[in-house]
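Summary of structural features
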Amino acid sequence: MVTPGTRSGQRGLTLVELIVAFTILSILTMMAVPLARYKVRRDKEIALQRALDEIRKAIDKYKDASDQNLLGPPDMDTFGYPKTLDVLVEGVKMTGSVDKKIKFLRRIPQDPFTKSKDWGKRSMQDDPTGQSWGGKNVFDVYTKTTENARDGTSYSDW
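Residues numbered from 1 in each chain as written. Predicted model: local features only at pLDDT ≥ 70, side-chain atom pairs only at ≥ 80, totals over all residues. Heavy atoms only, no water.

**Re the nonpolar core**
Counting 15 residues, the largest nonpolar core has Tyr62, Leu71, Leu85, Leu88, Phe104 and Trp119 as its most contacted members. For this core, the secondary-structure elements that each account for two or more residues are α1 (15-67) and α2 (85-90). Per element, the largest residue contribution to this core is six residues, and it comes from α1. (Core = buried A, V, L, I, M, F, W, Y, C linked by side-chain atoms within 4.5 Å. Buried < 20%, exposed > 50% of the residue type's maximum accessible area, 1.4 Å probe, protein only. Helix = DSSP H or I, 4+ residues; strand = E, 2+ residues; numbered from the N terminus.)

**Some words on the pattern of salt bridges**
Tallied over the entire structure, the rule returns five salt bridges. With a closest N to O distance of 2.8 Å, Asp60 and Arg56 form a salt bridge. Here Asp60 pairs with Arg56, and both are found in helix α1, just four residues apart, close to one helical turn. By relative accessible area, Asp60 is classed as partly exposed at 34%. A relative accessible area of 40% means that Arg56 is categorised as partly exposed. Across the salt bridge formed by Lys63 and Asp67, the nearest N and O atoms sit 3.1 Å from each other. With Lys63 and Asp67 both in helix α1 and four residues apart, the pair spans about one turn of that helix. Given the relative accessible area of 18%, Lys63 is considered buried. (Salt bridge = Lys/Arg side-chain N within 4 Å of Asp/Glu carboxyl O.)

**Remarks on a nonpolar patch on the surface**
Nonpolar side chains collect at one region of the surface, where Val16, Val20, Ile24, Leu25, Ile27, Leu28, Met30 and Met31 lie side by side and expose about 810 Å² of accessible area between them. Here Ile27 lies in helix α1. (Patch = residues over 30% accessible without salt bridge, like charges linked within 9 Å, V, L, I, M, F, W, Y side chains within 5 Å. Areas by Shrake-Rupley, 256 points an atom, 1.4 Å probe, with all protein chains shown as cover.)

What follows is the structure, given as structure tokens:
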């Protein structure tokens, strides 16, 4: 028989056991959060690489078609590359056909980090060490800078 004041029939956890269990769970959570963040960032990097590969292949196909004169005479300033990424999606009329277009992309891929379809673009004329892109080429840099900028330092007004 159980006398009042004894706890032999009760089940449960003591306060110390609860504190120890909570501490262990907290430590495990603190270790798991950085790993989860790393995994999310790595997944975004892989998606970014795939998007860039897709864009690069479409640009290469456009350049190949331009070099084969399938797209008509290229603009002199583009060297056979598309002016915008939208051209790859909209398509270009083939030379000698009335309504046939060649399309190189189904859609412009989304940047997984910025969630934007607005990609920074550089041309082969851009200064490789420059911090700007989208029309600023090597010739513009040299004509807009002082004569002392021949060492690669930019003193431009833009």
